[in-house]
Amino acid sequence: MRPDHDPRDDPPWAMQLVVRAEKADPPDHAAVCEAAASAVVRLLTDPRAMDPDGEWHGAVREWEARRIRKVTRRARGVRWPEAEALPGVTVEHAGAQVRAFPPGPVADVPSALSKLQVAGLDLAEGEPGPVPEPPYAVIAINPDVTITTGKAAAQCGHAAQLLLRQGRRKDLAAWAEGGFRVHLTRDVPWKQCVKKATVAVRDGGFTEVPPGTMTAIAWIVRK
């Protein structure tokens, strides 16, 4: 048994994220991270997740009572429409397509998702996109931590989720009104970002980084 074993995590649950990554025209790293963060929030604010009688409500409550895990997978070719056929929320953003799925037990992932590759999604950095008009969420990834695009997408999803659950009511209302836009900042020094942050993600240490590593932070910019 791991020394940091948590009985709430037995059995583990996770939200699956699927990134469309075609060989001929893959999306860039930042666009995937931003799309993943938006997809997570849009799923969590979907009536199917929020309403007590919604079909995803019970699964989301069960998952959020445990350690929050997300698993990023990649799909190309026919695998993408197969994944899109399952219940979930897709975000298309700056050439990236990411679909978030209702959480469930790690050992009981639908076959259309379980066959998709988890490791090795590492995409190139593109040219920085324009900063959106406020309101939007800013996410910064720790520049001292080396992680793949798949891991970064999951961490951005964690940051957006924490922001949704812990942000100030007025900030969240503005963010929702703006369509839950997300901007991955790369031009603000990390120390300045930490000072501005509303939430911080500390990784559980299951993949790529040691447990407790601060991987991502986030805050909301209003008008």
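Everything in this summary refers to the structure shown in the same document. (Residues numbered from 1 in each chain as written. Predicted model: local features only at pLDDT ≥ 70, side-chain atom pairs only at ≥ 80, totals over all residues. Heavy atoms only, no water.)

**Let's talk about the environment of Ala197**
Item 1. Within the secondary structure, Ala197 sits in the loop between α8 (190-196) and β8 (199-202).
Item 2. Each C-alpha atom, one on Ala197 and one on Ile220, is 8.6 Å from the other, the two residues being 23 residues apart in sequence.
Item 3. Those residues in contact with Ala197 that lie beyond four places of it in its chain are Ile217, Ala218 and Trp219. (Helix = DSSP H or I, 4+ residues; strand = E, 2+ residues; numbered from the N terminus. Contact = heavy atoms within 4.5 Å.)

**A few points about the packing of helix α1 (residues 29-44) against helix α6 (residues 149-166)**
Item 1. The geometry of α1 relative to α6 is characterised by a closest axis approach of 8 Å and an angle of 40° between their N-to-C directions. One way to sum up the angle between α1 and α6 is to call them oblique. Considering the relative orientation of α1 and α6, their crossing is right-handed. On α6, the residues that touch His29, Val32, Cys33, Ala36, Ala37, Val40, Val41 and Leu44 of α1 are Thr149, Ala152, Ala153, Cys156, Gly157, Ala160, Gln161, Leu164 and Arg165.
Item 2. In the contact of α1 with α6, the residues fall into twelve nonpolar, four polar and one charged. (Axes fitted to C-alpha atoms, helices over the stretch in contact; angles between N-to-C directions. Parallel < 35°, antiparallel > 145°, perpendicular 65-115°, else oblique. Left-handed = near helix turned anticlockwise from the far one by under 90°. Nonpolar A, V, L, I, M, F, W, Y, C, P; charged D, E, K, R; others polar.)

**Observations regarding the pairing of strand β6 (residues 136-141)**
Item 1. In terms of burial, β6 is a largely internal element, five of the six residues being buried.
Item 2. Strand direction decides the pairing type here: β6 and strand β9 (residues 214-221), joined by six bridges, are antiparallel. Across the sheet, the residue bridging to Ile141 is Ala216, located in β9.
Item 3. Direction of pairing for β6 relative to strand β7 (residues 182-184): parallel, over a ladder of three bridges. Each bridged residue has a counterpart across the sheet, and for Ala137 the counterpart in β7 is Val182. (Buried < 20%, exposed > 50% of the residue type's maximum accessible area, 1.4 Å probe, protein only. Pairing = 2+ DSSP bridges.)

**Structural notes on the nonpolar core**
Item 1. In this structure, Met15, Val32, Leu43, Leu44, Ile139, Leu163 and Trp175 are the most contacted members of the largest nonpolar core, which totals 50 residues.
Item 2. By residue number, the principal contributor to this core is α1, which donates twelve residues.
Item 3. In contact with Leu163, not counting residues within four places along its chain, are Ala137, Leu172, Trp175, Thr198, Val199, Ala218, Trp219 and Ile220. (Core = buried A, V, L, I, M, F, W, Y, C linked by side-chain atoms within 4.5 Å.)

**Description of helix α7 (residues 169-177)**
Each α-helix turn comprises 3.6 residues. Residues three or four places apart therefore point the same way.
Item 1. Of all the residues in α7, the buried ones are Asp171, Leu172, Ala174 and Trp175. All buried residues of α7 project into a common sector of 160° when viewed along the axis, lining one side. Exposed and facing more than 90 degrees away from the buried side of α7 are Arg169, Lys170 and Glu177.
Item 2. In this fold, the buried residues of α7 make contact with α1, β6, α6, β7 and β9.
Item 3. One or two steps after α7, the chain reaches Gly179, where phi turns positive at roughly 85°. (Arc of directions from axis to C-beta.)

**A word on the environment of Ala14**
Item 1. Residue position: Ala14 is located in strand β1 (residues 13-20).
Item 2. Of the residues examined, Ala14 reaches a relative accessible area of 1% and is grouped as buried.
Item 3. Look past the residues within four positions of Ala14 in its chain and what remains in contact with it is Trp63, Arg69, Val71, Pro103, Gly104 and Val106.

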